[in-house]
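The lines below spell out each chain.
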Amino acid sequence: MLFAFVCKDKPDSLQLRIDTRPPHVAFLEGLNAEGKLAFAGPFLNAEGKPDGSLVVVEAPDLAAAQALSAADPYAKAGLFASVEIRQWNWTFNKPAAS
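My aim in this report is to walk through the structure given alongside it, one point at a time. Quick caveat, the model's predicted, so the values are computed rather than measured.

1. A look at the environment of lysine 10
Along the chain, the position of lysine 10 falls in the loop between strand E1 (2-9) and helix H1 (14-33). Measuring from C-alpha to C-alpha, the distance between lysine 10 and alanine 96 comes to 36 Å, with 86 residues separating the pair along the chain. Ignoring anything within four residues of it in the chain, the contact list for lysine 10 reads Gly78, Leu79, Phe80 and Ala81. Polar side-chain contacts of lysine 10 include one of 3.0 Å to the backbone oxygen of glycine 78.

2. Describing the sheet that holds strand E4 (residues 80-88)
Spatial strand order, E2-E3-E1-E4: four strands in an open sheet with antiparallel pairing. Sheet topology places strand E2 (37-44) and E4 at the edges, where each strand pairs with a single neighbour. If you compare each strand with its neighbour and ignore which way they point, the axes differ by 15° on average. As judged from the seven bridges shared by E1 and strand E3 (residues 50-58), these two strands associate in the antiparallel manner.

3. As for the side chain of arginine 17
Along the chain, arginine 17 falls in helix H1. On the accessibility criterion, arginine 17 (4% relative accessible area) is buried. Separated by 2.7 Å, the side chains of arginine 17 and aspartate 9 make a polar contact. In terms of polar contacts, arginine 17 uses its side chain to reach the backbone carbonyl oxygen of glycine 52, at 3.0 Å. The residues touching arginine 17, leaving out its near neighbours within four places in the chain, are Asp9, Pro42, Pro50, Asp51, Gly52, Ser53, Tyr74, Leu79 and Phe80.

4. What to know about the packing of aromatic side chains
For the structure shown, the criterion picks out four aromatic pairs. Between phenylalanine 39 and tryptophan 90, the ring centres sit 5.2 Å apart and the planes meet at 80°, which makes this aromatic pair edge-to-face. In this pair, phenylalanine 39 sits in strand E2 while tryptophan 90 sits in the segment after E4, placing the two residues 51 residues apart along the sequence. Accessibility expressed as a relative area gives 19% for tryptophan 90, which makes it buried. Geometrically, the ring pair formed by tryptophan 88 and tryptophan 90 is tilted, given 5.6 Å between the ring centres and 45° between the ring planes. Pairwise contacts between aromatic rings join Phe39, Trp88 and Trp90 into one cluster.

Parameters at a glance
- Residues numbered from 1 in each chain as written.
- Predicted model: local features only at pLDDT ≥ 70, side-chain atom pairs only at ≥ 80, totals over all residues.
- Heavy atoms only, no water.
- Helix = DSSP H or I, 4+ residues; strand = E, 2+ residues; numbered from the N terminus.
- Contact = heavy atoms within 4.5 Å.
- Polar contact = N/O pair within 3.5 Å; in protein donor to acceptor, adjacent residues only side chain to side chain.
- Pairing = 2+ DSSP bridges.
- Axes fitted to C-alpha atoms, helices over the stretch in contact; angles between N-to-C directions.
- Buried < 20%, exposed > 50% of the residue type's maximum accessible area, 1.4 Å probe, protein only.
- Phe/Tyr/Trp six-rings, centres within 6.5 Å; stacked < 30°, edge-to-face > 60°.

Laid out in structure tokens, this is it:
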């Protein structure tokens, strides 16, 4: 099943995000290679700067999704003020299964 991580950055944490981005991207690339990543990308503030993340993963249950979220280098670095994990149903414009 799919789980969406809605992550909001702590205030004034852009430099931490920038510094931690390479291991975060490598982490997401690993999830993608394992077939666990549906899609991901940053939320942007009014100035067009990243201030959060939306990550959607495939996981067997909430506990597994929570473990994936906690393993993200952004989470480990303390970037996020909050992370909401919600089960999600991809209804429209879902890519065809390969």
